[in-house]
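Survey of secondary and tertiary structure
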Amino acid sequence: MNHLDVIQQIGEQSPKVLFQFNLPQNKFDYLSPAFYDIWEIEESQGRELPRLLLDSVMEDDRPAVLRCWKKLLKGDHVDEIMRIVQRGQKRYIRYIAYPIYDSERQVVALAGMAESVTQQQDFINYLTEFGQRKNSALEMVLHDLRGPLAVVKSVATLLRKEQHDTSQQEIDQFTDIIERACMQCTDLIQDLLSEEHLQ
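Presented here is an overview of the structure given in this document. Values in this document were obtained by computation on a predicted structure and should not be read as measured data.

Calculation rules
- The residue count restarts for each chain, going from 1 along the sequence in the order it is written.
- With pLDDT at 70 or above as the cut-off, local features in this predicted model cover only qualifying residues; side-chain atom pairs require 80 or more to be listed or tallied, and sums for whole chains, interfaces and linings still use all residues.
- Side-chain descriptors were evaluated using all non-hydrogen atoms of the structure, hydrogens and water having been removed beforehand.
- Each Phe, Tyr or Trp ring (for Trp, its six-membered ring) is paired with any other whose centre lies within 6.5 Å, and the angle between the two planes then decides the class: stacked below 30 degrees, edge-to-face above 60, tilted in between.
- Over a ring means this: the NZ of a Lys or the CZ of an Arg is within 6 Å of the ring centre and within 35 degrees of the ring normal.
- Classification of residues uses two cut-offs on accessible area relative to the type maximum, computed with a 1.4 Å probe and protein chains only: under 20% is buried, over 50% is exposed, and between them is partly exposed.
- Only buried residues count toward a nonpolar core, which is a set of Ala, Val, Leu, Ile, Met, Phe, Trp, Tyr and Cys residues joined through side-chain atoms within 4.5 Å.
- What counts as a helix is a DSSP run of H or I of at least four residues, what counts as a strand is a run of E of at least two, and both are numbered from the N terminus.
- Here, residues are in contact when the closest pair of their heavy atoms is within 4.5 Å.

What follows covers the packing of aromatic side chains. Taken as a whole and judged by the stated rule, the model has 6 aromatic pairs. Ring centres of Phe19 and Phe28 lie 6.4 Å apart, and the angle between their planes is 90°; on these two criteria the pair is classed as edge-to-face. The rings of Phe19, Phe21, Phe28 and Trp69 are connected pair by pair, giving a single aromatic cluster. Stacked on the ring of Tyr101, the Lys or Arg Arg105 has its end atom at 3.9 Å from the ring centre.

Right, let's get into unusual backbone geometry. Non-glycine residue Asn26 carries a positive phi angle of around 50°. With a relative accessible area of 48%, Asn26 lands in the partly exposed category. Here Arg87, not a glycine, exhibits a phi torsion of approximately 55°, which is positive.

What follows deals with the nonpolar core. Grouped together as the largest cluster of nonpolar side chains are 28 residues, with contacts concentrated most on Val17, Leu31, Phe35, Trp39 and Met82. Of all the secondary structure elements, the ones that give two or more residues to this core are strand 1 (17-22), strand 2 (27-31), helix 2 (34-39), helix 3 (49-56), helix 4 (62-74), strand 3 (78-86), strand 4 (89-101) and strand 5 (107-116). Per-element accounting of this core gives the leading share, 5 residues, to helix 2. Setting aside anything within four residues of it in sequence, one finds Met82 in contact with Trp39, Val57, Asp61, Val65, Arg91, Tyr92, Ile93 and Tyr95. Of all hydrophobic cores here, the second largest spans 6 residues; its members include Ala137, Leu145, Leu188 and Leu192.

What is shown is where atoms sit, not what they do.
The following block contains the structure:
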C-alpha cells in the first residue's frame, strides 16, 4: 500500500479536505470528497479546479493566498484562514499545507488539509463586535456619570465646609440634589445593564 492509498482511505472518512497537488502537472493527485461539500463544486468541474479555487477566494484575501503559495514553493509550510464566496455565501476555510520533495529536494507537490471554520470565525467575529459595543456603552456611561458624580462631590464639599452655618432647609435642598444625582447615576447604570446597548 502506497502513501497515497493511505491518504485516500483517511480522506474518504474525514469531514476535512485532504489533498495532494502535483505541481508539474498542475492538477490534484488526490482530493477527498469533503472538498466538493465545502466548496459546493461538482466533481465534473475537476479539470478547472486550480482556477475555480482561486476565483472563489475573496478579492481581499488573494494576495495572502499568493504569498502562501510562494512560501510553499520555497519549502515552508502554511497554516492560514481564507475567505471564499460560493453561491453568494461567505465561508472561512482553514488550510494547512506542506511542500513535498522529490529525491533531489525539489518541491514537486503540495499536500495537506482544509476545513470550514465558518462557525468558529462567525462566533469570533460576534464576540469582537459584542466587545466593541460593550466598550462603547461603557465609555458613554462613564462620560455621562461624570456630571452627576461631580454634583455629588461639590454638594458634599459644600456641606462639609458650611455645616455650622447651614439651616435644615438648606441641608434638605442639598440632600435632594444629591439624591437626584444618585438617581441619575443609578438610571445610567441600569441603562447600561439593559440589553439594548449590548445586543
